[in-house]
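Architecture at a glance
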Amino acid sequence: PGLGLLLLLAIFIVQAVFLTRDGQSLGKKALNIRIVVYRTGENGGFVPNVLLRVVLNGLLGFITLYLLGGIPLYSVVDALFIFRKDRRCIHDLIAGTVVVNA
């Protein structure tokens, strides 16, 4: 269990560095897309890309999952926002970001 937790932490750190530096996780690099600030089109760095999109969004998902007794309502609604005209999900609206072709 300790090694698994250590590997999970290492993956989170690597992903956080890539998101901060390039606006791309490993998956986004593979798909040739990246995260940019909605208003400027520039990489937002650590706060919007990691703290708001990943950490805060994860906490919101976890809290609502707990409060709703295991029903992943927030996560489903967040994902369904992709069908909006601007294709921005709740985590994009919170962080002020959008995903674009790299």
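Residues numbered from 1 in each chain as written. Predicted model: local features only at pLDDT ≥ 70, side-chain atom pairs only at ≥ 80, totals over all residues. Heavy atoms only, no water.

A word on the pattern of salt bridges. Using the criterion set out here, one finds four salt bridges in the structure. For D22, the salt bridge goes to K29, with nearest N and O atoms at 2.9 Å. The salt bridge partner of D92 is R53, with a shortest N-O separation of 2.2 Å. Pair noted here: D92 is in helix α5 (residues 90-95) and R53 is in helix α3 (residues 46-67), with a separation of 39 residues, a long-range link. (Salt bridge = Lys/Arg side-chain N within 4 Å of Asp/Glu carboxyl O. Helix = DSSP H or I, 4+ residues; strand = E, 2+ residues; numbered from the N terminus.)

Two elements in contact, α3 and helix α4 (residues 73-80), have axes separated by 7 Å at closest approach and are oriented at 135°. Here α3 is positioned oblique relative to α4, judged by the angle of their axes. Of the residues in α4, those touching α3 at N57, L60, G61 and T64 are Y74, S75 and D78. A class-by-class count of the residues in the contact of α3 with α4 yields two nonpolar, four polar and one charged. (Axes fitted to C-alpha atoms, helices over the stretch in contact; angles between N-to-C directions. Parallel < 35°, antiparallel > 145°, perpendicular 65-115°, else oblique. Contact = heavy atoms within 4.5 Å. Nonpolar A, V, L, I, M, F, W, Y, C, P; charged D, E, K, R; others polar.)

One can find T97 in strand β2 (residues 97-101). The buried category is assigned to T97, whose relative accessible area is 0%. Setting aside residues up to four positions removed in sequence, T97 forms contacts with I35, V36, V37, Y38, P48, N49, R53, R88, H91 and D92. (Buried < 20%, exposed > 50% of the residue type's maximum accessible area, 1.4 Å probe, protein only.)

Once that is clear, we can look at the packing of aromatic side chains. What the rule picks out here adds up to zero aromatic pairs. For K29, the ring lying beneath its charged end belongs to F18, and the centroid distance is 5.0 Å. Stacked on the ring of Y38, the Lys or Arg R88 has its end atom at 3.8 Å from the ring centre. (Phe/Tyr/Trp six-rings, centres within 6.5 Å; stacked < 30°, edge-to-face > 60°. Lys NZ or Arg CZ within 6 Å of the ring centre and 35° of its normal.)

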